Amino acid sequence: MKKRIVVLLVLAAMVFVLFAGCGVKNSDSVMQDLTKFKVIEGRECLQYDPDTRVIYYLFSTCVSGGYFSYSYMAPYISENGRYCRYVNDEIVEIIPENIQN
């Protein structure tokens, strides 16, 4: 009798753990909830800060069931090696006016 109760408790705990992850949001919606960053439409993983307009790239790795093993943001850098801003719905390179060596 005691073994049945233990087995039922273990099964109940396993079912609880399996259903605990239901309804988990994807990384973009979680990032939107936690920050003020705005998603750039049509550009996967690119977001920008509405105050500075600087663009960031969201790196993440999906494990399973919507859980991510890690995720972080880094500044978006153009082909020319420059940081970029999102201005008038376009990605624009930040070009320093005065470059002093």
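Coordinates for the structure precede this section.
Rules behind the numbers
Residues numbered from 1 in each chain as written. Predicted model: local features only at pLDDT ≥ 70, side-chain atom pairs only at ≥ 80, totals over all residues. Heavy atoms only, no water. Salt bridge = Lys/Arg side-chain N within 4 Å of Asp/Glu carboxyl O. Helix = DSSP H or I, 4+ residues; strand = E, 2+ residues; numbered from the N terminus. Buried < 20%, exposed > 50% of the residue type's maximum accessible area, 1.4 Å probe, protein only. Phe/Tyr/Trp six-rings, centres within 6.5 Å; stacked < 30°, edge-to-face > 60°.

A. The pattern of salt bridges, seen in detail. Inspection of every chain in the model, using the stated rule, returns three salt bridges. When the shortest N-O distance is used, the salt bridge between D49 and K36 registers 3.9 Å. Of this pair, D49 sits in the loop between β2 (46–48) and β3 (55–64) while K36 sits in the loop between α2 (27–34) and β1 (38–39); the two residues are 13 residues apart in sequence, bridging distant segments of the chain. Accessibility expressed as a relative area gives 11% for D49, which makes it buried. Taking relative accessible area as the criterion, K36 reaches 44% and is therefore assigned partly exposed. The residue K36 makes a salt bridge to D51 at a minimum N-O spacing of 2.7 Å. With K36 in the loop between α2 and β1 and D51 in the loop between β2 and β3, this residue pair connects regions lying 15 residues apart in the sequence. Three or more residues are tied together by salt bridges with common partners; here these are K36, D49 and D51.

B. Representation of the packing of aromatic side chains. If you walk through the whole model with that rule in mind, you get four aromatic pairs. Aromatic side chains Y57 and F59 sit 4.6 Å apart centroid to centroid with 55 degrees between the ring planes, which places their arrangement in the tilted category. Joined through ring pairs, the aromatic side chains of Y57, F59 and Y72 make up one cluster.

C. Representation of unusual backbone geometry within the structure. In the Ramachandran plot, R53 falls in the positive-phi region, its phi being about 65 degrees despite a non-glycine side chain. As for its position among the elements, R53 is in the loop between β2 and β3. Even without being a glycine, N88 presents a positive backbone phi close to 50 degrees. Inspection of the secondary structure puts N88 in the loop between β5 (84–87) and β6 (90–93).

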